[in-house]
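Residues per chain, in single letters:
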Amino acid sequence: ILRGGMEKMQEAGCAIAGGHSVRDEELKFGYAVTGLVHPKRFWRNAGARAGDALLLTKPLGTGVIATALKSGKATPESVEAATGSMARLNRDAAEALREVESGGAGGADSPIHAVTDVTGFGLLGHSWEMAERSGVELALRGQDLPVYDGARGVAASGTTTSGHANNRAYVGDHLVVRTDDEAIVAIGLDPQTSGGLMAAVSPSAADSLR
């Protein structure tokens with residue numbers, strides 16, 4: 001675990017400094033990352049505009065697949081797809097967004113209006129944050145959401161993570177559901193480990209990023 005973490009941090013261009021250990025009944029491992037960003041070269045999860053296209057850079061469903069794995073219900077194919085994606089950095093996706101931004105107008109006229117990662121609050125939780133902070137409504141179509149193979153079936157069987165209910169409570173009345181597909185709603189509330197990015201971009205930028 002330590003070696004794998006070190007190799008991934010090196011791939012991301014990070015230097016590991018310090019650390020500590022604790023004794024506990026459960027295995028715990030993680031990093032606290034600090035760094036610097038240029039004040040004019042970062043994206044916020046605010047600024048989405050009416051008419052923007054929403055792009056997701058990774059499929060959804062890591063939470064339900066991991067939960068199913070613990071009970072022996074996950075297929076090897078779904079586990080391989082999810083773990084492979086979780087091990088992939090978001091760097092390539094961020095660089096693609098940056099390339100489109102640098103090729104167009106900068107500053108307030110940038111075609112990249114808002115960006116967030118999709119992690120513990122799930123797609124719907126992070127969508128709510130972007131909508132609230134941008135002063136817009138976000139419309140998500142279930143049939144358009146990318147989902148890992150096997151995740152939909154697991155969600156349809158009622159398998160969810162412990163964070164599912166918390167994410168539903170977090171979104172609260174701000175979520176309006178217009179589908180009877182409970183599985184895709186569960187996928188939207190599924191906490192993601194090493195999830196992708198969601199970007200609100202101009203329609204012209206979306207065409208070049210697809």
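The rules behind each value
Residues numbered from 1 in each chain as written. Predicted model: local features only at pLDDT ≥ 70, side-chain atom pairs only at ≥ 80, totals over all residues. Heavy atoms only, no water. Core = buried A, V, L, I, M, F, W, Y, C linked by side-chain atoms within 4.5 Å. Buried < 20%, exposed > 50% of the residue type's maximum accessible area, 1.4 Å probe, protein only. Helix = DSSP H or I, 4+ residues; strand = E, 2+ residues; numbered from the N terminus. Contact = heavy atoms within 4.5 Å. Axes fitted to C-alpha atoms, helices over the stretch in contact; angles between N-to-C directions. Parallel < 35°, antiparallel > 145°, perpendicular 65-115°, else oblique. Left-handed = near helix turned anticlockwise from the far one by under 90°. Nonpolar A, V, L, I, M, F, W, Y, C, P; charged D, E, K, R; others polar. Phe/Tyr/Trp six-rings, centres within 6.5 Å; stacked < 30°, edge-to-face > 60°. Lys NZ or Arg CZ within 6 Å of the ring centre and 35° of its normal.

S.K.: I would appreciate a short explanation of the nonpolar core in the present structure.
M.R.: A general feature of soluble globular proteins is that nonpolar side chains tend to end up buried together. Membership of the largest hydrophobic core comes to 28 residues, with the highest contact counts inside it found for Leu60, Val64, Ile65, Leu123, Met130, Ala151 and Ile187. Among the elements of the structure, α2 (62–70), α3 (76–86), α5 (122–134), α6 (151–156), α8 (182–189) and β3 (197–201) are those that each provide at least two residues to this core. Among the elements that take part in this core, α8 stands out by supplying six residues, more than any other. In this structure, leucine 60 is in contact with Val118, Leu123, Leu145, Pro146, Val147, Tyr148, Ala151, Ile187 and Gln192, ignoring residues within four places of it in sequence.

S.K.: Can you help me understand the packing of α2 against α3 in this one?
M.R.: Think of two packed helices as two axes; the pair is described by the angle between the axes and how far apart they sit. α3 packs onto α2 with a crossing angle of 130° between their chain directions and a minimal axis gap of 10 Å. Relative to α3, the element α2 is oriented oblique. Relative to α3, α2 is oriented so that their crossing is left-handed. From α2, Thr62, Ile65 and Leu69 reach across to α3, where they touch Ser78, Val79, Ala82 and Met86. In the contact of α2 with α3, the residues fall into five nonpolar, two polar and no charged.

S.K.: Is there a simple way to explain the side chain of threonine 62 in this structure?
M.R.: With respect to the helices and strands, the residue threonine 62 is situated in helix α2. Owing to a relative accessible area of 3%, threonine 62 belongs among the buried residues under this scheme.

S.K.: Whenever I open this one, the packing of aromatic side chains confuses me. Can you help?
M.R.: Geometrically, a pair of aromatic rings is defined through the distance of the ring centres and the angle of the planes. Per the stated rule, a full pass over the model turns up two aromatic pairs. Both rings, one in phenylalanine 29 and one in tyrosine 31, keep their centres 5.3 Å apart while their planes meet at 75°; by these two values the pair is edge-to-face. A relative accessible area of 44% places phenylalanine 29 in the partly exposed class. The exposure class assigned to tyrosine 31 is partly exposed, which follows from its relative accessible area of 36%. Ring centres of phenylalanine 121 and tyrosine 170 lie 4.5 Å apart, and the angle between their planes is 15°; on these two criteria the pair is classed as stacked. Linking phenylalanine 121 in the loop between β2 (112–117) and α5 with tyrosine 170 in helix α7 (residues 163–171), this pair joins segments that are 49 residues apart in sequence. Directly above the ring of tryptophan 43 sits arginine 98, whose terminal nitrogen or CZ lies 4.1 Å from the centroid.

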